[in-house]
Amino acid sequence: MSLKEAFHALHPAVFFLDGQDLNSLYSFLKGQGRLSSDEMISSVEKPGEGNMNFVLRIITNQRTFILKQARPWVEKYPQISASVERSEVEAQYLRDTQKVEELAGFSPRLLWSDTSNFLLAEEDLGLSADYTYLYRKGEQMNPDDLIRATYYLKTVHQNPLGRFPENRAMRKLNHEHIFHFPFQKDNGLDLNSIQRGLAEVAVPFHEDDFLKKKISRLGEIYLLQGRSLIHGDFYPGSWLKTDHGIKIIDPEFAFQGPPEFDLGVMFAHMLMAQQGIDILQNIWSKYDAPANFDQGLLSAFAGVEIMRRIIGIAQLSLSLSIAEKINLMSNASEWIRKENLVTKLLI
């Protein structure tokens, strides 16, 4: 069964975005009133490989824009089911942040959303690339981009909360692949096919019941309603390098949760990208954590993110040897157990 057939088996009345049939795409957009009277589609192209959603750049005789569809699976891993409601969550996040003057220029403008077809259209930011190049040896993040990314996160977390979707289905999906699956001994993931020796790296952590209890408790905290709007996936793959500076994209995991999670994920990826302790110190000083910010929780979330990226499904193109991964896993384990990343590295 093709992906299109699988999609329509679940949602027979919903438009399937695939870019192969421009006539059908034109008819659909025209019928929905999304194109002007004399606007024609010239071509479409993939602006990049999306992890969660199917994404196209629509090129017309008048403009370009980005069209995204949430399908009932993870685009990169179609065997993993995912909620189509994430499309509206992303749209709501963009609406909310674009109302805040300090945040409005950080993300593509939301042009429109179509809940019934799991679609949203965004401003095209032009030729750009994400920041996953940082995982290559010797690459360093531009200091100005780092400051702006940290300012963005700080501002999102400090912005007064309005009503926001619970995004429960996407949180459960994230919970499974962050706090549960990577630490199960017989999860069926062939780590040695990713990197020789990686399966052996995972063994002591699969067998560490105390560590797994700590991680399970962190997962429970993650699932609770928290005190801040959080992006939910704040890592280099959600940052775009453009001619107008760093932009933040893909907030489909957003919800009202613990701000320590977002910052912990950011810390974890700076460490996996070997950006150096001074980078973490710079982030920490610019973030200006509020009085009720839990440094121990930040440390533990950072540790879990490192571990799940090394021994879980959501692999990265890390330029790390097995020895370097062992060292990172050992440190991450300590930050989960002792909740001491901040006190050990930053103070």
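Residues numbered from 1 in each chain as written. Predicted model: local features only at pLDDT ≥ 70, side-chain atom pairs only at ≥ 80, totals over all residues. Heavy atoms only, no water.

Engineer: Residue-level account of helix α11 (residues 322-338), with values.
Structural biologist: The end-to-end C-alpha separation of α11 is 24 Å, in line with the 24 Å expected for 17 residues at 1.5 Å each. Turning to α11, its buried residues number three or more, namely Lys-325, Leu-328, Met-329, Ala-332, Ser-333, Glu-334, Trp-335 and Ile-336. Elements that come into contact with the buried residues of α11 comprise α6 (198-206), α7 (209-223), α8 (259-272), α10 (295-311) and α12 (341-346). With its phi angle positive at about 50 degrees, Glu-339 sits one or two positions after the end of α11. (Helix = DSSP H or I, 4+ residues; strand = E, 2+ residues; numbered from the N terminus. Expected span 1.5 Å × (residues − 1). Buried < 20%, exposed > 50% of the residue type's maximum accessible area, 1.4 Å probe, protein only. Contact = heavy atoms within 4.5 Å.)

Engineer: I'd like to hear about the side chain of Thr-60, residue by residue, with values.
Structural biologist: Position of Thr-60 among the secondary structure elements: in strand β2 (residues 54-60). Here Thr-60 falls in the buried class, since its relative accessible area comes to 7%. Looking at Thr-60, its side chain comes within polar contact range of the main-chain nitrogen of Gln-62, at 2.9 Å. The contact partners of Thr-60, leaving out residues within four places of it in the chain, are Leu-35, Glu-39, Met-40, Ile-41, Ser-42 and Phe-65. (Polar contact = N/O pair within 3.5 Å; in protein donor to acceptor, adjacent residues only side chain to side chain.)

Engineer: Could you give an account of the packing of helix α4 (residues 143-158) against helix α9 (residues 277-287), with specific residues and numbers?
Structural biologist: Running from N to C, α4 and α9 point in directions that differ by 40 degrees, and their axes come no closer than 9 Å. By the angle between their axes, α4 is oblique relative to α9. Classified by chirality, the crossing of α9 by α4 is right-handed. For the pair α4 and α9, contact is made by Leu-146, Ile-147, Thr-150, Leu-153, Lys-154 and His-157 and by Ile-279, Asn-282, Ile-283, Lys-286 and Tyr-287, respectively. Its residues assigned to classes, the contact of α4 with α9 shows six nonpolar, three polar and two charged. (Axes fitted to C-alpha atoms, helices over the stretch in contact; angles between N-to-C directions. Parallel < 35°, antiparallel > 145°, perpendicular 65-115°, else oblique. Left-handed = near helix turned anticlockwise from the far one by under 90°. Nonpolar A, V, L, I, M, F, W, Y, C, P; charged D, E, K, R; others polar.)

Engineer: Any chance you could break down the pattern of salt bridges for me, citing the residues and the numbers?
Structural biologist: Tallied over the entire structure, the rule returns 20 salt bridges. In this structure, Lys-68 and Glu-90 form a salt bridge, with 2.8 Å as the shortest nitrogen-oxygen distance. Here Lys-68, found in strand β3 (residues 64-69), pairs with Glu-90, found in helix α3 (residues 86-98); they are 22 residues apart in sequence, far enough to count as distant. Where salt bridges share partners, they join Glu-45, Arg-57 and Asp-124 into one cluster. (Salt bridge = Lys/Arg side-chain N within 4 Å of Asp/Glu carboxyl O.)

Engineer: Explain the sheet that holds strand β8 (residues 129-130) to me, using residue names and the numbers behind them.
Structural biologist: Read from one edge of the open sheet, three strands run β8-β10-β11, paired in antiparallel fashion. Either end of the sheet is taken by a strand with one partner, and the two such strands are β8 and β11 (245-248). Both strand β10 (residues 239-242) and β11 contribute to a ladder of four bridges, which runs antiparallel. Across the sheet, the residue bridging to Trp-239 is Ile-248, located in β11. (Pairing = 2+ DSSP bridges.)

Engineer: Give me the packing of α10 against α11: which residues, what numbers.
Structural biologist: Direction vectors running N to C along α10 and α11 enclose 145 degrees, while the axes themselves pass 7 Å from each other. α11 is crossed by α10, and the crossing has left-handed handedness. Residues Ser-299, Ala-300, Gly-303, Val-304, Ile-306, Met-307, Ile-310 and Ile-311 of α10 pack against Lys-325, Leu-328, Met-329, Ala-332, Ser-333, Trp-335 and Ile-336 of α11. Tallied by class, residues from the contact of α10 with α11 come to 11 nonpolar, three polar and one charged.

Engineer: How would you sum up the side chain of Ser-228? Please name residues and give values.
Structural biologist: Examined against the element boundaries, Ser-228 turns out to sit in strand β9 (residues 228-230). Classification of Ser-228 as buried rests on a relative accessible area of 5%. Excluding residues that lie within four positions of it along the chain, Ser-228 makes contacts with His-157, Leu-161, Phe-255, Gln-256, Gly-257 and Pro-259.

Engineer: Requested: an account of the sheet that holds strand β7 (residues 119-123), with residues and values cited.
Structural biologist: Taken together, the five strands give an open sheet; going across it, the order is β1-β2-β3-β7-β6, and neighbouring strands pair in antiparallel fashion. Lying at the two open borders of the sheet, with one neighbouring strand each, are β1 (41-45) and β6 (110-114). In this sheet, neighbouring strand axes are inclined to one another by 20 degrees on average, regardless of whether the strands run parallel or antiparallel. In this sheet, β7 lies alongside β6 in antiparallel orientation, the contact comprising four bridges. From the neighbouring strand, Asp-114 faces β7, where its bridge partner is Leu-119. Along the sheet face, helix α2 (residues 22-31) touches β1, β2, β3, β6 and β7 and points at about 110 degrees away from the line of β1.

Engineer: Tell me what's going on with the packing of aromatic side chains, and back it up with residues and numbers.
Structural biologist: If you walk through the whole model with that rule in mind, you get 17 aromatic pairs. Between Phe-7 and Trp-73, the aromatic rings sit 6.4 Å apart at their centres with planes inclined by 80 degrees, giving edge-to-face as the arrangement. Placement of Phe-7 in helix α1 (residues 3-10) and of Trp-73 in strand β4 (residues 73-74) is noted, with a sequence separation of 66 residues between them. No difference in accessibility class separates Phe-7 from Trp-73, as the two residues are buried. Summarising the aromatic geometry, the rings of Phe-15 and Phe-28 are spaced 4.1 Å apart at their centres and angled 5 degrees between planes, so their arrangement reads as stacked. Of this pair, Phe-15 sits in the loop between α1 and α2 while Phe-28 sits in helix α2; the two residues are 13 residues apart in sequence, bridging distant segments of the chain. Aromatic rings pair up to connect Phe-106, Tyr-131, Tyr-133, Tyr-151, Tyr-152, Phe-234 and Trp-239 into one cluster. When the ring centre of Trp-112 is taken as reference, the NZ or CZ atom of Arg-34 above it lies at 4.2 Å. Residue placement shows Arg-309 over the ring face of Tyr-235; its charged tip is 4.7 Å from the ring centre. (Phe/Tyr/Trp six-rings, centres within 6.5 Å; stacked < 30°, edge-to-face > 60°. Lys NZ or Arg CZ within 6 Å of the ring centre and 35° of its normal.)

Function cannot be inferred from these measures alone, as they are strictly geometric.
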